[in-house]
Amino acid sequence: MADKPLILILGDQLTPTLASLAADKDAPVLMAELADEASYVRHHQQKIALVFSAMRHFAEHLRAQGRTVFFLSYGAEKKINSFADAIALMVKREGFNRLIVTEPGEWRLMQDMQNWSAKLGIEVAILPDNRFIADHAEFERWADGKKQLRMEFFYREMRRKTGLLMDGDEPLGGQWNYDSENRKKLPKGHMPPPRLHFPPDEITQNVLQVVKTHFGNHVGTLDKFAWPVTASQAQEQLAHWLDFCLPQFGDYQDAMKSGEAFLYHGLVGASINLGLLDPLSVCRQVEARYHDGQAPLNAVEGFIRQILGWREFIRGLYWLKMPAYADSNYFDHTRPLPDFYYSGETDMVCLREAIGATRDYAYAHHIQRLMVTGNFALLAGLAPSAVNQWYLEVYADAFEWVQLPNTHGMALFADGGVVGSKPYAASGAYINRMSDHCAGCTYKVKEPYGDEACPFNYLYWDFLIRHRDKLGGNPRMGMVYRNLDKMPDDKRDGVQASAKKFLEQLR
Ligand code: DLZ
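These numbers come from a predicted model, not from an experiment. (Residues numbered from 1 in each chain as written. Predicted model: local features only at pLDDT ≥ 70, side-chain atom pairs only at ≥ 80, totals over all residues. Heavy atoms only, no water.)

## Looking at the overall build of the chain
Item 1. When its secondary structure is counted, the chain shows 25 helices and 7 strands.
Item 2. Its C-alpha atoms give the chain a radius of gyration of 24 Å, near enough to 23 Å, the size a compact globule of 507 residues would have.
Item 3. Here the C-alpha coordinates of the chain stretch approximately 80 × 55 × 50 Å along the principal axes.
Item 4. Per-residue burial for the chain yields a buried fraction of 58% across its 507 residues.
Item 5. By element, 49% of the accessible surface of the chain is carried by carbon and sulfur atoms, the whole surface being about 21200 Å². (Helix = DSSP H or I, 4+ residues; strand = E, 2+ residues; numbered from the N terminus. Rg over C-alpha atoms; globule rule 2.2 N^0.38 Å. Buried < 20%, exposed > 50% of the residue type's maximum accessible area, 1.4 Å probe, protein only. Areas by Shrake-Rupley, 256 points an atom, 1.4 Å probe, with all protein chains shown as cover.)

## Looking at empty space enclosed by the protein
Item 1. Tallied over the entire structure, the rule returns 6 cavities of 30 Å³ or more.
Item 2. Volume-wise, the largest cavity comes out at about 310 Å³.
Item 3. Taken together, 22 residues line the largest cavity, and the ones lying closest to its centre are Gly 11, Asp 12, Glu 37, Val 51 and Phe 399.
Item 4. Taken together, the elements giving at least two residues each to the lining of the largest cavity come down to helix 2 (35–39), helix 3 (45–64) and helix 5 (107–113). (1 Å grid on protein atoms, 1.4 Å probe; cavity = no way out; pocket = protein on both sides within 12 Å on 5 of 7 lines; lining within 4 Å. Points joined across faces, edges and corners; volume = space filled by probe spheres on them.)

## Quick notes on the packing of helix 18 (residues 366–379) against helix 19 (residues 384–394)
Item 1. Axis separation between helix 18 and helix 19 bottoms out at 10 Å; the angle between their running directions is 150°. Judged by the inter-axis angle, helix 18 sits roughly antiparallel to helix 19. Between helix 18 and helix 19 the crossing geometry is right-handed. The segment helix 18 lies against helix 19, with Arg 369, Thr 373, Gly 374 and Ala 377 engaging Val 387, Trp 390 and Tyr 391. (Axes fitted to C-alpha atoms, helices over the stretch in contact; angles between N-to-C directions. Parallel < 35°, antiparallel > 145°, perpendicular 65-115°, else oblique. Left-handed = near helix turned anticlockwise from the far one by under 90°. Contact = heavy atoms within 4.5 Å.)

## Here we look at the nonpolar core
Item 1. Counting 159 residues, the largest nonpolar core has Ile 9, Met 31, Trp 241, Leu 246, Val 286, Phe 313 and Phe 376 as the members making the most contacts within it.
Item 2. In terms of residues, this core owes the most to one element, helix 14 (residues 297–321), which gives 13 residues.
Item 3. When residues no more than four places from it in sequence are discounted, the contact partners of Trp 241 are Leu 246, Phe 249, Tyr 264, His 265, Gly 266, Val 286 and Phe 303.
Item 4. Counting residues in hydrophobic clusters, the runner-up holds 24 residues, among them Phe 83, Phe 96, Leu 99 and Leu 120. (Core = buried A, V, L, I, M, F, W, Y, C linked by side-chain atoms within 4.5 Å.)

## Side note on the packing of aromatic side chains
Item 1. By the definition in use, this model includes 35 aromatic pairs.
Item 2. A centroid spacing of 5.9 Å and a plane angle of 80° characterise the contact between Phe 376 and Phe 456, whose relative ring orientation is edge-to-face. Of this pair, Phe 376 sits in helix 18 while Phe 456 sits in helix 22 (residues 455–466), and the two are 80 residues apart along the sequence.
Item 3. You can call Phe 376 buried: its relative accessible area is 0%.
Item 4. The side chain of Lys 47 reaches across the aromatic face of Phe 399, ending 5.5 Å from its centre. (Phe/Tyr/Trp six-rings, centres within 6.5 Å; stacked < 30°, edge-to-face > 60°. Lys NZ or Arg CZ within 6 Å of the ring centre and 35° of its normal.)

## Here's the deal with the domain arrangement of the chain
Item 1. If you check the domain split of the chain, you get domain 1 (5–127), domain 2 (136–195 + 245–321) and domain 3 (340–505).
Item 2. The distance between the C-alpha centroids of domain 2 and domain 3 comes to 24 Å.
Item 3. Contacts between the two partners involve 31 residues from domain 2 and, on the opposite side, 33 residues from domain 3.
Item 4. Taken together, the two surfaces of domain 2 and domain 3 that pack against each other cover about 2700 Å², and 64% of this comes from carbon and sulfur.
Item 5. Counting the surface domain 2 buries against domain 3, the share from its top three residues, Lys 185, Met 256 and Tyr 318, is 26%.
Item 6. Our count for the domain 2 to domain 3 interface comes out at 0 salt bridges.
Item 7. Our count for the domain 2 to domain 3 interface comes out at 14 residue pairs in polar contact (both at pLDDT 80 or more).
Item 8. At the level of elements, helix 12 (269–274) and helix 14 are the ones that each hand at least two residues to the side of domain 2 that touches domain 3.
Item 9. The biggest single contributor to the side of domain 2 that touches domain 3 is helix 14, with 9 residues. (Domains from an automatic or database assignment. Buried area = accessible area lost by both parts, 1.4 Å probe. Salt bridge = Lys/Arg side-chain N within 4 Å of Asp/Glu carboxyl O. Polar contact = N/O pair within 3.5 Å; in protein donor to acceptor, adjacent residues only side chain to side chain.)

If you want it as structure tokens, here you go:
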């Protein structure tokens, strides 16, 4: 029988140099918009639109390069809901007898993929994803024998490996990490540069219609859709950010401002995760701005650390720890997700702003995700599985390999300290320090407890009291617990009573 290979490209594998495309320059390609992928969690409408539109544009790009592409548009083929269905159709209709695919980013799909050969009766080659800077074996070697896995040390390895921000064997400027310089609040009246918009072209308009028809009841809105959907648009967005945002990105990377969802953030996470931008190339372009004297080291290092350090670290960790990782629940938190995570209807301005941006743009920046919605979920004892699902649904950049360690490990500490060394728990004082939200809020950030107090304040202390057995011995929590011990009894009683009342009425 003649060899007839088919290359399957997933919705987050939109990279011309992808291993599977490089493996056979002539083989036809299959891409499919699938009900199972669009609804295994109820993804935000803009996320589905972004994936579908970017897939359609990528298919056009491959065709222009001379590839044959079989593209199954959403609903075009009856009973084709999964990747296995789509491949089976191609095997039957076109006679393909071998499949080439690059490994997926998600555990559930890898499990599925490993059964395809037996299920479909064809040879299936699953190739490593060559878009990461460290492969699985390299991460495993680094992790082997270590009691604790800490991003900072892995990041240094990646700096040495790539030579990024290095001066011989030493870090440029003498320090590996300039995070302490990256915590400024936005000055009053300061206006960050506008986001670059990519108005929907005909392909995207068609996709928006499909999403409206089939997924109109998923979270979010479509009217503010402005995501880059091609590699060249993604590069344009990056260039805009390099020119107008990078110089101040470091200073204001942790700041929050009402009505300003994007501030100085790059908005490139979704493009990188879909494969429209290459992470190493992005880092090199950012580094060049430092060498050209156009951006300070704290900004450049802070950004590169997110991509070269954090992104690679959590990807390695996800594959090292799955599937047990997703089931851990260190604090035994079980409270259901309150309705306002979807509706945005809450009197707490910080939550309203973060969830409002999430609904409008399928985006919120890292401090909103970590210190507002994530911090609230941690302090209120929300069930990690429900919180993880929400984050996976609502953000355009969210794929489980990147979302899960960030939410489950970093924000919720549900892994008991695999990703981070202590929970990122904070009271309203942190949000007040980093934002203008509290000034306009119904709740009073200076009140520790009572009906008018900021719920973050009493939930914070109540969380520490509830989990003293698990956190009291953590050396990084020593000062916090010493402060708790100095708390007068009446304040402690007030904090606990307010937390109990608040949590009881939380739906
Ligand atoms: C996220 C997503 C969505 C919404 N839809 C599709 C799709 O219809 N077809 C497809 O190939 N990929 C889609 N994706 C991305 C996949 O879910 C993603 O490739 C896996 O989760 C692995 O990371």
